[in-house]
Structures are given as C-alpha cells and as structure tokens.
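Fold and geometry: a report
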Amino acid sequence: MSPREAAMAEERSRLGRGLASLIGDVGGEAAHVERPARTPRKVPIEFLKANPRNPRRTFADTELDELSASIKQHGVIQPIVVRAVKGAADRFEIIAGERRWRASQRAGLHEVPIVTLEVTDSAALEIAIIENVQRADLNAMEEAQGYHALATSYNHSADDIAKLVGKSRSHVANTMRLTKLPESVQVLIAEGKLSAGHARALINAKDPAAAAKQAVEQGLSVRQVEALSHEAGVPARGTPKARGKASGADKKDADTLALEKRISDALGLKVSVDHRDPGGTVQIAYRDLDQLDEILRRLESGR
C-alpha cells in the first residue's frame, strides 16, 4: 500500500469513528479534528454556500417551511458543519446541514451557528452521504449517485462505501446500478413516481424506459414490474421456465440455495449453482456488456 493510500485509509477509519460527534453531538470531539476547530460560532448567513457535491438535490417546500417555522421559534439548535473555501476569506462550503441553511434563510436569520472542519473533498462527500442516509433524506437516485461519485471520483470500492454508510455491500452495489438506467427513468425515481423497489426491478427489463412508463401510467406494484421485466426476457426465479433450465433447481438443498444467495448478493446479479458431487457449475446472468465488464473487473481485481 502506498503512503497516499495508507493516509486515505487512515482518514476513512478516523472519519468512521468520529462521525457521530461530527453530525450529531457537536460538543464531542472527533478523532481527527482538534477541539479548537470544532467550537461552534455564529457567522453571517451569506458567508455560507451550498456544496456542489451534496448528494441531496431535492428540498421539498413543505419541509423547508416546517423547519423554518421551528427555527423562527427556537433558532438553529444544531450547528451547520462547514469547511473553509480555499483562497476566500470568511467563506464556507456546507458539508452537512444545507436544509437548515435554506430554512434559516426563509426564517430571515442574519447569522447561523457553524462548526468548521478541515477535510478533503472525499471526506466531505462521505459525511454528506452518511448524514443523509442515516436520516433517510435521500431518494433512491440521490443515494445511487452519491455512492457512484465515491466509487468513480475517489476510488472507493463497494465494500468501503458499505462500511461507511452502515449498509450491506449488496445494497450499495445494487443501488449504484440504478445509475445505469436511462435518464428518463432516473427522473421518475428522483421525483418519487417510482420507488427504489421499482427501480431495482427495472434494471433487468429489456426496455427499462417503456416498462417504467407503463408502471407509472398503470400504477403497477413492484411485483408487477418484476413480472413485466421477466416477461421481457429475464426468467423469474422459481417459475416453470426457470426450473426447466436449471437441473434439479426445485430439489436444491438449503446449503446450495444459501450459497446462491451469497454469490448473488456479492455480485448484485442472478446466480444459479448446480452442484453435482464432487463438482458442479455456477451460472451468472447478466443483462448487458456493462454488467459483464463489471464481473470481469471484479474477477481480475480479486474482489
């Protein structure tokens, strides 16, 4: 491991240990930030600016109005976490708390409490994603795009991200796959017209855009969208068609089924294991060349 990689790993470790105090109890001390830098203070509200890497893009007016009303009555109870903007005096970029900042503007506040941290772009994005995920503030597309940014811009593996956000590796991998959906489908997910369950079901559809349009227009359930995707050429697990292709699939023992699930969760793809003592076969179903390339990448990297 190079010195730079070791430093990044140490930073991620320290971030994980100190995250609770960074986001929640600002009176505590994070392992990687000196206490003087974390003392809350008030600054003019115009000194702050939004973080362009914030995974959260949607701020509902009703939520902002409710929070604004609370701020008018009680003030901003929890400081906004920021970092200094390089080369600009008295200017700060928000790491966590953009919703509070927006609501404070609506409430007519002239000053807001802040806590200043010295963190990298990667760490700032990690904090923003973790805060929003823990508070369930992100829609499925925002979450997917946040994970994707960590993976592509900062070389985080799915395992790294899973540890950071406290989710399973399969959840992270499957969520990131949503970024492969057509733009029109991603918009429907971001607007809340399709749930995360619908989105995952659409990944296996031959024509995700058409299936998504049908799902919205007809108000289809997740199970109905799954069936629609299977009808488009991806056989459903447990259907006669699928059982006919898998030798003895309906007679697989619990250990084999559990192994199938472990491999499927790790890859985020459908996997079938046909064990015939002493050997057998493993079949991995992929939808397109992108998924095949991802399988090859993982095999070559040893992950």
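None of the values given here were measured: they were computed from a predicted structure.

As for the packing of aromatic side chains
- Evaluated as defined, the whole model comprises zero aromatic pairs.
- The residue whose ring lies beneath Arg 102 is Phe 59, and the NZ or CZ to ring-centre distance is 4.5 Å.

Some remarks on the nonpolar core
- By size, the foremost hydrophobic cluster in this structure holds 20 residues, and its most contacted members are Leu 178, Leu 181, Val 185, Ile 189, Leu 194 and Leu 202.
- For this core, the secondary-structure elements that each account for two or more residues are helix H5 (140-153), helix H8 (183-190), helix H9 (196-202), helix H10 (208-218) and helix H11 (222-231).
- Apart from the residues lying within four places of it in its own chain, the contact partners of Val 185 are Leu 194, Leu 202, Pro 208, Ala 209 and Ala 212.
- With 18 residues, the next largest nonpolar core counts Leu 48, Leu 64, Val 82 and Phe 92 among its residues.

A few points about the pattern of salt bridges
- All chains considered together, the criterion is met by ten salt bridges.
- The closest approach of N and O atoms between Asp 121 and Arg 83, which form a salt bridge, is 2.6 Å. Here Asp 121, found in helix H4 (residues 121-134), pairs with Arg 83, found in strand E3 (residues 80-84); they are 38 residues apart in sequence, far enough to count as distant.
- The exposure class of Arg 83 is buried, given its relative accessible area of 11%.
- One salt bridge in this structure joins Asp 159 and Arg 169, with 3.1 Å as the shortest N-O distance. Of this pair, Asp 159 sits in helix H6 (residues 158-165) while Arg 169 sits in helix H7 (residues 169-176), and the two are ten residues apart along the sequence.
- For Asp 159, a relative accessible area of 34% corresponds to the partly exposed category.
- Within the structure, one salt-bridge network assembled from shared partners comprises Arg 53, Arg 83, Glu 93 and Asp 121.

The rules behind each value
- Residues numbered from 1 in each chain as written.
- Predicted model: local features only at pLDDT ≥ 70, side-chain atom pairs only at ≥ 80, totals over all residues.
- Heavy atoms only, no water.
- Phe/Tyr/Trp six-rings, centres within 6.5 Å; stacked < 30°, edge-to-face > 60°.
- Lys NZ or Arg CZ within 6 Å of the ring centre and 35° of its normal.
- Core = buried A, V, L, I, M, F, W, Y, C linked by side-chain atoms within 4.5 Å.
- Buried < 20%, exposed > 50% of the residue type's maximum accessible area, 1.4 Å probe, protein only.
- Helix = DSSP H or I, 4+ residues; strand = E, 2+ residues; numbered from the N terminus.
- Contact = heavy atoms within 4.5 Å.
- Salt bridge = Lys/Arg side-chain N within 4 Å of Asp/Glu carboxyl O.

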